[in-house]
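Spelled out, the chains give:
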Amino acid sequence: MKYSERLSLLYALCLNDSRDTNENPSAIPSTNLQDYDPLEAANYLACYIAFKAIQQAERSPADERVENFDMLSVYHTYAMLVYAFLMLPLAEEGIAPDTEAAAIIVAKTLFAGLADEELAEIIESGGHKFQLIADAKQEHWVDYRQDLDKATIAFLIAGTDEEAPFDKEEVIPMLGALLSMLCEAFSDS
């Protein structure tokens, strides 16, 4: 299975997991992986993983919007890091990311209902944080990037390989812990 197919498969599986069968019981997702674009899959999965990590870390973006607005940009940064790690292997298949579009999609998905001005502020601040982390040479940031990359790919493998030694839900606590570490790093600054 090519990486893009694995990404599309996990996208389809997560969509199926999150669909509301009570709302529309006849809405059965397609079983054809060609129906799931790898770029859309990366966008969706970055948000899906960020949502799961936020829940695992017991964070409340709604409260933080009022009490600590900048923390929303940390969530955006986290989702964009996940997006980057999901996209890296696609380069071998000639698929290039659209990071500007992804940043907007991620912000609108994570923070549905916020005004455009607030979304723009989150995207700009998140972009600065992303660049700081991407360019950082300090050992703790290098380790952080490697750990988040490994956890992201472990989630992908666990969700798409029946022979994986663990389930994707078992990776969520690590993703939550990595989000908590990022939140702590930016709350101290």
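Before any of the text, the structure's been laid out above.
Residues numbered from 1 in each chain as written. Predicted model: local features only at pLDDT ≥ 70, side-chain atom pairs only at ≥ 80, totals over all residues. Heavy atoms only, no water.

Visitor: Can you break down the overall build of the chain residue by residue, with the values?
Guide: Assigned secondary structure in the chain consists of eight helices and zero strands. Overall, the chain shows an N-to-C arrangement of helices and strands of α-α-α-α-α-α-α-α. Relative to its length of 189 residues, the chain is compact, with a C-alpha radius of gyration of 16 Å against a globular reference of 16 Å. Taken along its principal axes, the extent of the C-alpha atoms in the chain is 45 × 40 × 30 Å. Within the chain, buried positions represent 42% of all 189 residues. Counted over contacts in the chain with a minimum sequence separation of 6, partners at least 24 positions apart contribute 76%. Taken as a whole, the chain presents about 10300 Å² of accessible surface, with 50% of it coming from carbon and sulfur. Side chains of the chain carry 12 positive and 34 negative charges; the gap between the two charge centres is 2 Å. (Helix = DSSP H or I, 4+ residues; strand = E, 2+ residues; numbered from the N terminus. Rg over C-alpha atoms; globule rule 2.2 N^0.38 Å. Buried < 20%, exposed > 50% of the residue type's maximum accessible area, 1.4 Å probe, protein only. Contact = heavy atoms within 4.5 Å. Areas by Shrake-Rupley, 256 points an atom, 1.4 Å probe, with all protein chains shown as cover. Lys, Arg positive; Asp, Glu negative; His and termini not counted. Charge placed at Lys NZ, Arg CZ, Asp CG, Glu CD.)

Visitor: Account for the nonpolar core, with residues named and values stated.
Guide: One finds Leu-7, Tyr-78, Leu-148 and Leu-175 to be the most contacted residues of the largest nonpolar core, which totals 60 residues. Mapped by element, the contributors of at least two residues to this core are helix H1 (3–18), helix H2 (38–56), helix H4 (70–87), helix H5 (99–110), helix H6 (116–135), helix H7 (139–160) and helix H8 (172–187). Broken down by element, this core gets its largest block of residues, 13 residues, from H4. When residues no more than four places from it in sequence are discounted, the contact partners of Leu-175 are Ile-49, Ala-53, Tyr-78, Leu-148, Ala-151, Thr-152 and Phe-155. (Core = buried A, V, L, I, M, F, W, Y, C linked by side-chain atoms within 4.5 Å.)

Visitor: Kindly report on the side chain of Lys-168, identifying the contributing residues and their values.
Guide: By secondary structure assignment, the location of Lys-168 is in the loop between H7 and H8. Among all residues touching Lys-168, those that are not within four sequence positions of it are Leu-10, Cys-14, Asp-17, Tyr-48, Phe-155, Ala-158 and Gly-159.

Visitor: Any chance you could break down the packing of aromatic side chains for me, citing the residues and the numbers?
Guide: Considering all chains together, one arrives at six aromatic pairs under this definition. Consider the rings of Trp-141 and Tyr-144, whose centres lie 5.7 Å apart with planes at 80°: the pair is edge-to-face. One end of the pair, Trp-141, and the other, Tyr-144, are both in helix H7, three residues apart, so they sit about a helical turn from each other. The exposure class of Trp-141 is buried, given its relative accessible area of 14%. You can call Tyr-144 buried: its relative accessible area is 3%. Judged by centre distance (6.2 Å) and plane angle (40°), the rings of Trp-141 and Phe-186 are tilted. On the criterion of sequence distance, the pair formed by Trp-141 in helix H7 and Phe-186 in helix H8 is long-range, its members being 45 residues apart. The exposure classification of Trp-141 matches that of Phe-186, with both residues buried. Of the aromatic side chains, those joined through ring pairs into one cluster are Tyr-11, Tyr-36, Tyr-44, Tyr-48 and Phe-155. Across the ring face of Phe-186, the terminal group of Lys-129 is positioned such that the distance to the ring centre comes to 5.5 Å. (Phe/Tyr/Trp six-rings, centres within 6.5 Å; stacked < 30°, edge-to-face > 60°. Lys NZ or Arg CZ within 6 Å of the ring centre and 35° of its normal.)

Visitor: If you had to explain the packing of H4 against H7 to someone new, which residues and values would you point to?
Guide: Relative orientation of the contacting elements H4 and H7 amounts to 65°, with a least axis distance of 9 Å. In this view, H4 runs roughly perpendicular relative to H7, as classed from their interaxial angle. Where H4 crosses over H7, the two elements pack in a sense that is right-handed. Here H4 contributes Tyr-78, Leu-81, Val-82, Phe-85 and Leu-86 to the contact with H7, which in turn contributes Tyr-144, Arg-145, Leu-148, Asp-149, Thr-152 and Ile-153. (Axes fitted to C-alpha atoms, helices over the stretch in contact; angles between N-to-C directions. Parallel < 35°, antiparallel > 145°, perpendicular 65-115°, else oblique. Left-handed = near helix turned anticlockwise from the far one by under 90°.)

Visitor: Talk me through the layout of surface pockets; I want residue IDs and the actual numbers.
Guide: What the largest pocket holds in volume is close to 230 Å³. Residue lining of the largest pocket: Ser-18, Glu-40, Asn-43, Tyr-44, Cys-47, Tyr-48, Phe-51, Lys-52, Gln-55, Ile-105 and Thr-109, and that is the complete set. When residues of the lining of the largest pocket are traced back to their parent elements, those giving at least two are H2 and H5. Counting residues per element, the lining of the largest pocket draws most heavily on H2, at eight residues. (1 Å grid on protein atoms, 1.4 Å probe; cavity = no way out; pocket = protein on both sides within 12 Å on 5 of 7 lines; lining within 4 Å. Points joined across faces, edges and corners; volume = space filled by probe spheres on them.)

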